[in-house]
Amino acid sequence: MSQSHRIAGGQIDRGVALRFSFDGKSYTGHPGDTLASALLANGVRLMGRSFKYHRPRGPISAGSEEPNALVELRSGARQEPNTRATVAELFDGLEARSQNRWPSLAFDALAINDRLNSFFTAGFYYKTFMWPAAFWEKVYEPIIRRAAGLGSLSRLEDPDEYDKGFLHCDLLVIGAGPAGLMAALTAGRAGARVILADEDFRMGGRLNAETGEVGGRPGADWAADVVAELAGLPNVRLMARTTVAGAFDHGIFGAVERVSDHLPAPLPGKPRQTLWRIYARRSLLAGGATERPIAFENNDRPGVMLAGALRAYANRWGVAAGDRVVVFTNNEDGLRTATDLQAKGVSVVAVVDSRRGGPLLPGLRHLQGAEVVDSAGRLGLSSVTVRMADGRTEVIPCTALGVSGGWNPNVNIHSHHRSRPVWAEGIAAFAPGADGPAGLAVAGAAAGRLSTHGALLGGQAEALAALGDLGIPATAGDLPKAEDAPVSITPKWYVQGGKGRAWIDQQNDVTVKDVKLAHQENFTSVEHLKRYTTLGMATDQGKTGNVIGLAVMAELTGKPIPETGTTIYRPPYTPVAMGALAGRSRGKEFKPFRLTPSHKWAAEQGAVFVEVGMWLRTQWLPRAGETTWRQSVDREVLATRKSVGICDVTTLGKIDIQGTDAGTFLDRVYANTFSTLAVGKCRYGLMLREDGMVFDDGTTARLAPEEYVMTTTTANAVTVFRHLEFCRQCLWPDLDVQLISTTEAWAQFSVAGPNARRLLEKVVDQDISDAAFPYMGAGNITVCGGLRGRLFRISFSGELAYEIAVPTRYGDALIRKLVEAGEEFGAVVYGTEALGVMRVEKGHVAGNELNGQSSALNMGLGKMVSKKKDSIGMPLSQREGMVAEGGYRLVGVKPVNPADALSAGSHFLPEGAAPVLANDGGWLTSMVWSPHLGHCIALGYLKGGDQKIGTRMRAVNFMNKTDVAVEIVSPHFIDPEGERLRG
Amino acid sequence: MLINHPILGPRDAQEFVYLGDANLLHRPDGLAEGAIAAFHDYAYQRGNPAGEHRELWYHEQGDRSWLVVTRNTVTHEILKVELARDVARREGRSR
């Protein structure tokens, strides 16, 4: 089809033809077109179906406020639903499809909903799907989910990249219409760092859509010259295709730049979109205004548009949306559409002006005091019915109707901090109120100054004021001459007398009748109105419809509009893609990985890794022939207990603590005492929170009189360090103590098992015999003939064990050296699973027991809390409820029948007791299969557990439906006397 | 939000960890008579006003300073930022 509706003029490049398709049919357009302008140029008005009633719909606007013309763009993995055809920039090869229709856009089976409209009124879902309750999940939800939503997702991975970026400026100008351009020019010429952002791909705002002159030249030409001058200023950053989506605290704005949406695919190395965080010392909202329609019966047919949009398609894109046009207006601006179209040779058959009096437009059928009361046309407008001032009605055939109900300033960004817009009588619209975001000014139509002169003047004045605040000298240049027409408007929100199917929110199918129903059912506050009818809750957020809805409500309640108020404005201004919010944080890059010093070696061995916080740790190391994880883990445990095993424990937090008061400091942050620890020794430490619960545990060694090194659990490495800094800076600011985290500085390996010493003697340069380096010894050493290191004789496994540390860069060399030295002993390297088995066998608490809700007493460590000194958590750990007899105590658990499996999370119940809460005795925290004992063992918290050793209970788990007879035992399954440790 | 760090200048709030009521500086004496009651109030009775509030923020992605930030919790206006160590000393904490 040729471009049947293309007329002269416009800012398109007619020398280049762009091919594109809509619902499989091919069309052509030109660079500068949007998908909507190109489709209209080709005579296509029908672009989608509405959400609820599946009514045929076409575009009503020429911008981002569009509620109707939502389409799917592209195909395959780049398929993107719910994009607005009115802002989708045309490119060669663009594929677009209509949505929310089946089998085709022209014939949609679910349009039956429209016939059933009396059932689908406001609150339909609330009223209908209440009963029976059982129907919800199985019947209602699947039906609603299938019928709901507009576009569909490809369900394929997005192939494009999204970036995040940070920008700083003196002045951020939001919107590049006359106000924004004048502001940017004023600030740019003064040398200020300026960012000018506009959601459009062509800067100029309404100047591109109007015929009025600025400085004696067409407004669009003036805008192009200003943009060219700004582009030449090194201190100005022009950001077209960039939507400032939200105003946040302290001059921070979020903006989405659509870097590649106007291309078939991003250029190499370029992201699809970038989410910018803009830090602006001052900012100016020059976001213009959005026209609103007047609601009347069947006002939603394709061909019924906003008058300003009709004019924009003609002036900017050289498109006549219809060949016979009627204009319906309540204000002077609507008349401009009639005269502009007429000047372009488009047949304007009538101007329906709801106002009475005033001069008549020459050469046009100007019907004053008249209203459009209905429309006709199955898939697009074919006529309107007009009620004349004298009450007669007349059907006027037409293919396009331009409606103007006035212009609403785009106050959104100014209201993102809950500033309430105020009613401006002169323009019959809400304008920005007081208490907007600090540092944000408003100019031009966004401030309610609707003339071009007002915009230029306001932009200049606000820029000067902002620069004045910042102490940047600037001068007011000559203001170019432009129209300064006063606003003449007589408010009209909807046309009386219809059946009520007058659309307000076209995307969510909310009508005047729905607002009346909401009022009738007492949902009269605007926030209730919104939620009850879904007014303004669609992807367009009610940019064209909200004010009409609340004006209707104001009329019904008899309150003035200002008192009725608006709903709260929240970011984002227009929809933001999830991909842009995620940026690079997806898939493997979702978060950084921390690799242990032995990672490379372990990966070479085919280790299985597990995520522990940000760390990747070796979980186990399978050997040839092992087919299940249990085989590997059992082997690692048995080999360690029989000879020797090596494990990377670098992930444990390490904090160096130095100063003359280091011992005093440790006494206060640990429940037990450290100032008395001898140099060259280490001790297990228990750290409480101030509420008396256990926070963390670990060993701390004293390397010198004023130097300690603390270890924390892997999980709490960061929070313990934060807590220690709090104690040091906020509680005891004059203690002489310094902290530094050295977790990353040292590669640390546990070497455990009866042959641990023999292995280490081959690596460590010093004498480490039991006499020279006894149990709980700690100190500086050298390894492999001179490399500095540290050695700690501590054990988590219950075996004779050491932890050896070297500077991280030698960690890879050390693991290889340890493995080589261990060969003669049959040493294994074990992972976190074997570590877990051995600690349960030994009865050590770990993450499952250190759950933030357990006290030292619960863990059987109550005696560690010294009451002779004040320490964090000590006072509250002595509360009555915390020290009561019969509270939870750590116990060991084994199945009565060794063949029975146990499961973590099971609850303890007395034998024969009903499985109800009143009989609950506690729960099983950790369970492992002990290869050493040949059956499952577990730890758990049991009420009065210390008095129940040797008794029998049941471990009941509703999740996996198990009920196992268990015996409560000591938590020390192996070497309860600790003889191995001291070997 | 931007927090004007007394040493480092304006820093994005994302670099900080929030703790809450700066009254946590005033830890009671754990060995004194009635310590449990005093600690109950200290640990659980935190101010949470709609309006001006003194809060503890920790510059974790920075220089590890604990700060006392006086902030209006309604408008998010930040009225004062001080090193917690200085505030603690001024308010009688020492060793």
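Residues numbered from 1 in each chain as written. Chains lettered and ligands numbered in written order. Predicted model: local features only at pLDDT ≥ 70, side-chain atom pairs only at ≥ 80, totals over all residues. Heavy atoms only, no water.

Student: Would you take a moment to explain the overall build of chain B for this structure?
Tutor: Regarding its fold elements, chain B presents two helices and six strands. For chain B, the sequential pattern of α-helices and β-strands runs β-β-β-α-β-β-β-α. Taking the principal axes of its C-alpha atoms as reference, chain B extends roughly 45 × 30 × 20 Å. The burial tally for chain B puts 45% of its 95 residues in the buried class. Long-range pairs, those at least 24 residues apart, make up 49% of the contacts in chain B between residues at least 6 apart in sequence. Per element, the accessible surface of chain B, about 4,900 Å² overall, is 47% carbon and sulfur. (Helix = DSSP H or I, 4+ residues; strand = E, 2+ residues; numbered from the N terminus. Buried < 20%, exposed > 50% of the residue type's maximum accessible area, 1.4 Å probe, protein only. Contact = heavy atoms within 4.5 Å. Areas by Shrake-Rupley, 256 points an atom, 1.4 Å probe, with all protein chains shown as cover.)

Student: Can you help me understand the overall build of chain A in this one?
Tutor: Secondary structure summary: chain A contains 23 helices and 50 strands in total. Dimensions of chain A, computed from C-alpha atoms along their principal axes, come out at roughly 115 × 70 × 55 Å. Per-residue burial for chain A yields a buried fraction of 58% across its 983 residues. Of all intrachain contacts in chain A linking residues separated by at least 6 positions in sequence, the fraction that spans at least 24 positions is 66%. Here chain A displays about 39,000 Å² of accessible surface, and carbon together with sulfur accounts for 55% of that area.

Student: In this structure, what is going on with the pattern of salt bridges? I would like to understand it.
Tutor: Here the idea is simple: oppositely charged side chains can pair when their charged atoms come close. Summed over all chains, the structure comprises 68 salt bridges over all chains. Of the charged contacts in the structure, one is a salt bridge between B:Arg89 and A:Asp734, with a shortest N-O distance of 2.6 Å. Remark: A:Asp734 occurs in the loop between α18 (717-731) and β39 (738-741) and B:Arg89 occurs in helix α2 (residues 84-90); the pair is interchain, linking two chains. Given a relative accessible area of 32%, A:Asp734 falls into the partly exposed group. Of the charged contacts, one joins A:Asp770 and A:Arg757 as a salt bridge, the two residues approaching to 3.7 Å between their closest N and O atoms. Remark: A:Arg757 occurs in helix α19 (residues 756-761) and A:Asp770 occurs in the loop between α19 and β41 (778-783); sequence separation between them is 13 residues. Connected through shared salt-bridge partners, A:Arg55, A:Arg57, A:Asp114, A:Asp300, A:Arg501 and A:Asp509 make up one network. (Salt bridge = Lys/Arg side-chain N within 4 Å of Asp/Glu carboxyl O.)

Student: Mind showing me how you'd approach the environment of A:Pro437 here?
Tutor: Residue and element names in this part refer to chain A. Here Pro437 lies in the loop between β27 (429-431) and β28 (440-442). On the basis of relative accessibility, which here comes to 6%, the residue Pro437 falls in the buried class. With residues up to four places along the chain from it excluded, the contact list for Pro437 reads Ala247, Ile413, His414 and His417.

Student: Explain the domain arrangement of chain A here, please?
Tutor: Size of an interface: often given as the accessible area lost when the parts come together. All names here are of chain A. The domain architecture assigned to chain A consists of domain 1 (1-151), domain 2 (162-289 + 409-470), domain 3 (293-405), domain 4 (494-557), domain 5 (653-741) and domain 6 (885-983). Inter-centroid distance (C-alpha atoms) of domain 1 to domain 3 is 24 Å. With both sides pooled, the region where domain 1 packs onto domain 3 buries about 2,200 Å², and carbon together with sulfur makes up 55% of that total. Among the residues domain 1 hides against domain 3, the three largest losses belong to Ile7, Arg45 and Ile60. Together they make up 29% of the total. (Domains from an automatic or database assignment. Buried area = accessible area lost by both parts, 1.4 Å probe.)

Student: Help me understand the nonpolar core, please; the structure alone is not making it clear to me.
Tutor: Among soluble globular proteins, nonpolar side chains are generally buried collectively. Residue and element names in this part refer to chain A. Core analysis: the biggest nonpolar cluster contains 49 residues, and Phe20, Phe22, Leu35, Leu39, Met47, Tyr313 and Val351 have the highest contact counts within it. Summarising the domain contributions, this core has at least three residues from each of domain 1 (1-151) and domain 3 (293-405). In contact with Leu35, not counting residues within four places along its chain, are Phe20, Val71, Leu73, Ala85, Ala88, Leu90, Leu94 and Ala96. (Core = buried A, V, L, I, M, F, W, Y, C linked by side-chain atoms within 4.5 Å.)

Student: What is the right way to look at the packing of aromatic side chains in this model?
Tutor: Each aromatic ring pair is described using two quantities: the centre-to-centre distance and the angle formed by the ring planes. Residues and elements named next belong to chain A. The tally for this structure, following the rule as stated, stands at 17 aromatic pairs over all chains. Taken together, the ring pairs in this structure connect Trp423, Phe430 and Trp493 into an aromatic cluster. We note Arg316 situated over the ring of Phe201; from NZ or CZ to the ring centre the distance is 5.2 Å. Positioned above the aromatic ring of Trp929, the side-chain terminus of Arg630 is 4.0 Å from the ring centre. (Phe/Tyr/Trp six-rings, centres within 6.5 Å; stacked < 30°, edge-to-face > 60°. Lys NZ or Arg CZ within 6 Å of the ring centre and 35° of its normal.)

Student: What exactly am I supposed to notice about a nonpolar patch on the surface here?
Tutor: Taken together, the side chains of A:Leu110, A:Ile112, A:Leu116 and A:Phe119 make up a nonpolar region of the molecular surface, amounting to roughly 360 Å² of accessible area. Residue position: A:Phe119 is located in the loop between α2 (112-115) and α3 (124-128). (Patch = residues over 30% accessible without salt bridge, like charges linked within 9 Å, V, L, I, M, F, W, Y side chains within 5 Å.)

Student: Before we go on, may I ask you to explain the sheet that holds strand β24 (residues 400-404) of chain A in this structure?
Tutor: Within a sheet, each strand pairs with its neighbour through backbone hydrogen bonds, oriented either parallel or antiparallel. Residue and element names in this part refer to chain A. Strand order in the open sheet formed by five strands is β17-β24-β18-β19-β20, and the pairing between neighbours is parallel. On the outer flanks of this sheet lie β17 (304-306) and β20 (366-368), each paired with one strand and no other. The sheet shows a mean angle of 20 degrees between the axes of neighbouring strands, taken without regard to direction. Strands β17, β18 (324-329) and β24 of the sheet are contacted by helix α7 (residues 307-317), whose axis makes an angle of about 85 degrees with β17. (Pairing = 2+ DSSP bridges. Axes fitted to C-alpha atoms, helices over the stretch in contact; angles between N-to-C directions.)

Student: Where do I start with the sheet that holds strand β44 (residues 828-829) of chain A in this structure?
Tutor: Residue and element names in this part refer to chain A. Strands sit in the order β41-β42-β43-β40-β34-β44 across an open sheet of six strands; the sheet is mixed. The open sheet has two edge strands with one neighbour each: β41 and β44. Across seven bridges, the pairing between strand β40 (residues 746-752) and strand β43 (residues 801-807) is antiparallel. The residue of β43 that forms the bridge with Ser750 is Glu803. Running at roughly 15 degrees to β40, helix α20 (residues 811-822) makes contact with β34 (645-648), β40, β43 and β44 of the sheet.

Student: What exactly am I supposed to notice about the packing of helix α10 (residues 512-520) of chain A against helix α11 (residues 526-533) of chain A here?
Tutor: Geometrically, a packed helix pair is captured by the angle between its two axes and the distance between the axes. Residue and element names in this part refer to chain A. Remark: α10 packs on α11, axes separated minimally by 10 Å, with the N-to-C direction vectors making an angle of 120 degrees. For the element pair α10 / α11, the angle class is oblique. Note on packing geometry: the crossing formed by α10 with α11 is right-handed. Here Asp514, Val515 and Ala518 of α10 come into contact with α11, specifically with Leu529, Tyr532 and Thr533. Class assignment of the residues belonging to the contact of α10 with α11 gives a composition of four nonpolar, one polar and one charged. (Parallel < 35°, antiparallel > 145°, perpendicular 65-115°, else oblique. Left-handed = near helix turned anticlockwise from the far one by under 90°. Nonpolar A, V, L, I, M, F, W, Y, C, P; charged D, E, K, R; others polar.)

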